[in-house]
Amino acid sequence: MTTPDTTARRAIGACAVLMVGALTLTACSGSGSGKSDGKGGKESPKTSAAKIVISARNGSAGASINTTGVKVTDGDLTAVKMTVAATGAAVPGAISADGGTWKPKEQLERGTKYEISATAKDTDGKTAASESTFTTVSKANSFIGTYTPDGDTTVGVGMPVSFTFDKGISDKKAVQSHITVSSSSGQKVAGHWFGSQRLDFRPEQYWKAGSKVTMKIDLDGVQGASGVYGVQKKTVTFTVGRSQVSTVDVGTQTMTVVRDGKTVRSVPISAGSPEHTTYNGQMVISEKYKKIRMDSRTVGLENAYNISDVPDAMRLTQSGTFIHGNYWYNKGNPPFGRTGTSHGCVGLQDVRGGQASMPATWFYDNSLLGDVVIVKNSPDKTVSPDNGLNGWNMPWTQWVAGSAV
């Protein structure tokens, strides 16, 4: 899951697209030509025809971290220097091949003061110069959305696009209208808000296997709440892999794995005990851990268990439901395929550390983030659509009704 780190590979993306406003900054130099005007005098000194525009105006306090740059008309940029005002540290950047623009190589930091100076020449060799000192938008006055899945990944057919914003969004329409999600399959995609900080997108049915999904994030400068503006601008594409939907039948304590419409394996499992039942419903694998600590205190079960090395674990709900390996079972009376013994998870036979021949390791190795695990015939309720990436449990009409656009 993407974290809200400006240096992370996936949270706001360093696209640095150059956007130039209507500001015209004049700075000129130029000497007289020395030619006679025919009246015994000299022509007035000519200024450079080159006009430099720095997108962040001098003195501004809410400049974009994505679109800051320099552009020149009627001339070529000859040098651009940008530094962090407090330290003097240089901000790397590059002048375009045609000499017309400059932009930073990396995304700028929020709430940081920068200084930038630029020079250019026109076709007559006359120079122009301009400079600006500005501060980027602060963290207090901006919002970002961590999102899943990551770009350039391959996921299962159940993976929704899910944004979690670091601040409450009051203008949901403005924010949602600046995020578009489309699929090469042509499936209609709709958004749904869970509260003021989470926005998910999905089609009516699972994604088509092999399709490409593109999300365009154009939130830079979009007001999400009073005095709070977006800073993200990026296009992210991911691939939907083969279709794999696994159905856990609590009544028979078995899981049937269906890939691309064909059953590939039936796996004995041990679901929740009568005291700690497993949710029913469609659940999406949202995280994978070859080994993870599971402590019952983190899910409100006091000291029921504390296992430091649960193998082959995959998260199904945010509240703590996993499908995972179990090596601590009673070897004299194995529960798999017979009875539920877990605290709500779905357990598969395993050994400590995992082993390829074990059912749990096989399932882990053959699963993608975004694969669907359906649980049925449990005495428990259906999982809530916002408990994990499980919006498939909401009827389509209700899903669409939760869109702001």
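In case you missed it, the structure is sitting above this.
Parameters and conventions
- Residues numbered from 1 in each chain as written.
- Predicted model: local features only at pLDDT ≥ 70, side-chain atom pairs only at ≥ 80, totals over all residues.
- Heavy atoms only, no water.
- Helix = DSSP H or I, 4+ residues; strand = E, 2+ residues; numbered from the N terminus.
- Buried < 20%, exposed > 50% of the residue type's maximum accessible area, 1.4 Å probe, protein only.
- Contact = heavy atoms within 4.5 Å.
- Areas by Shrake-Rupley, 256 points an atom, 1.4 Å probe, with all protein chains shown as cover.
- Pairing = 2+ DSSP bridges.
- Polar contact = N/O pair within 3.5 Å; in protein donor to acceptor, adjacent residues only side chain to side chain.
- Phe/Tyr/Trp six-rings, centres within 6.5 Å; stacked < 30°, edge-to-face > 60°.
- Lys NZ or Arg CZ within 6 Å of the ring centre and 35° of its normal.
- Salt bridge = Lys/Arg side-chain N within 4 Å of Asp/Glu carboxyl O.
- Core = buried A, V, L, I, M, F, W, Y, C linked by side-chain atoms within 4.5 Å.

## Topic: the overall build of the protein
Alright, step 1. Helix and strand content of the protein: three helices and 27 strands.
Alright, step 2. Buried positions account for 48% of the 405 residues belonging to the protein.
Alright, step 3. The contacts of the protein with a sequence gap of at least 6 include a subset with a gap of at least 24, amounting to 65%.
Alright, step 4. For the protein, the computed accessible surface area is about 18600 Å², with 49% contributed by carbon and sulfur atoms.

## Regarding the pairing of strand 25 (residues 322-326)
Alright, step 1. Within strand 25, five of the five residues are buried, which leaves it mostly tucked inside the rest of the structure.
Alright, step 2. Hairpin geometry of strand 24 (residues 306-315) and strand 25 is characterised by an intervening segment of six residues between the two adjacent antiparallel strands and by a positive phi of about 120 degrees at G320.
Alright, step 3. Of the strand pairs in this sheet, strand 25 and strand 26 (residues 346-349) are connected by four bridges, and their pairing is parallel. Across the sheet, residue G325 finds its bridge partner in strand 26, namely L348.

## Quick word on unusual backbone geometry
Alright, step 1. Omega for the peptide link from T148 to P149 comes to 5 degrees, which places this bond in the cis form.
Alright, step 2. One can find P149 in the loop between strand 9 (145-148) and strand 10 (154-155).
Alright, step 3. Although it is not a glycine, D260 sits at a positive phi angle of roughly 50 degrees.
Alright, step 4. Of note, D260 is situated in the loop between strand 20 (254-259) and strand 21 (262-268).
Alright, step 5. For D260, a relative accessible area of 47% translates into the label partly exposed.

## Re the sheet that holds strand 18 (residues 233-240)
Alright, step 1. Overall, mixed pairing links the four strands, which are arranged 10-18-15-12 in an open sheet. The open sheet terminates on both sides in strands that have one partner only, identified here as strand 10 and strand 12 (179-183).
Alright, step 2. In this structure, strand 15 (residues 212-218) lies alongside strand 18, joined through seven bridges in antiparallel fashion. In the strand pairing of strand 18, K216 is matched with T235.

## What to know about the side chain of E287
Alright, step 1. Within the secondary structure, E287 is located in strand 23 (residues 287-295).
Alright, step 2. Note on E287: relative accessible area 17%, which makes it buried.
Alright, step 3. Within the local environment of E287, its side chain forms a polar contact with the side chain of Y289, the two groups lying 2.4 Å apart.
Alright, step 4. Apart from residues no more than four positions distant in its own chain, E287 is found in contact with A313, M314, R315 and L369.

## Points about the side chain of Q244
Alright, step 1. The residue Q244 is located in strand 19 (residues 244-249) in this model.
Alright, step 2. Only 3.4 Å separates the side chain of Q244 from the side chain of R242, close enough to count as a polar contact.
Alright, step 3. Q244 has contacts with V257, V258, R259, F363, N366, S367, D371 and V372, leaving out every residue within four places of it along the chain.

## Some remarks on the packing of aromatic side chains
Alright, step 1. Tallied over the entire structure, the rule returns 10 aromatic pairs.
Alright, step 2. Between F143 and F165 the ring centres are 5.8 Å apart and the planes differ by 80 degrees, which places this aromatic pair in the edge-to-face class. With F143 in strand 8 (residues 142-143) and F165 in strand 11 (residues 161-165), the pair connects residues that are 22 residues apart, well separated along the chain. Judged on exposure class, the residue F143 and its partner F165 are both buried.
Alright, step 3. In this structure an aromatic cluster arises from ring pairing among F143, Y147, F163, F165 and W193.
Alright, step 4. Sitting above the plane of the W399 ring, R202 keeps its charged end 4.5 Å from the centroid.
Alright, step 5. In this arrangement the basic side chain of R265 is found over the ring face of W362, its NZ or CZ atom lying 4.6 Å from the centre.

## Observations concerning the pattern of salt bridges
Alright, step 1. Under the counting rule described, the total for this entry stands at six salt bridges.
Alright, step 2. Across the salt bridge formed by K233 and D218, the nearest N and O atoms sit 2.7 Å from each other. Taken as a pair, K233 in strand 18 and D218 in strand 15 lie far apart in primary sequence, 15 residues in all.
Alright, step 3. A relative accessible area of 33% means that D218 is categorised as partly exposed.
Alright, step 4. The salt bridge involving R242 is made with D371; its shortest N-O contact spans 2.8 Å.

## Here's the deal with the environment of S403
Alright, step 1. With respect to the element layout, S403 can be found in the segment after helix 3 (396-401).
Alright, step 2. Each C-alpha atom, one on S403 and one on A190, is 7.0 Å from the other, the two residues being 213 residues apart in sequence.
Alright, step 3. At a separation of 3.1 Å, a polar atom in the side chain of S403 contacts the main-chain carbonyl oxygen of V405.

## A look at the nonpolar core
Alright, step 1. Counting residues in each nonpolar core, the largest one holds 31 residues, and the members touching the most others are F163, F165, V175, I179, V181, F201 and L219.
Alright, step 2. For this core, the secondary structure elements donating two or more residues are strand 11, helix 1 (172-176), strand 12, strand 13 (189-194), strand 14 (198-203), strand 15 and strand 18.
Alright, step 3. Contact partners of V181, with chain neighbours within four places excluded, come to V161, V189, F201, W207, V213, T214 and M215.
Alright, step 4. Judged by nonpolar contacts, the second largest core, of 24 residues, contains V70, V72, L108 and I116.

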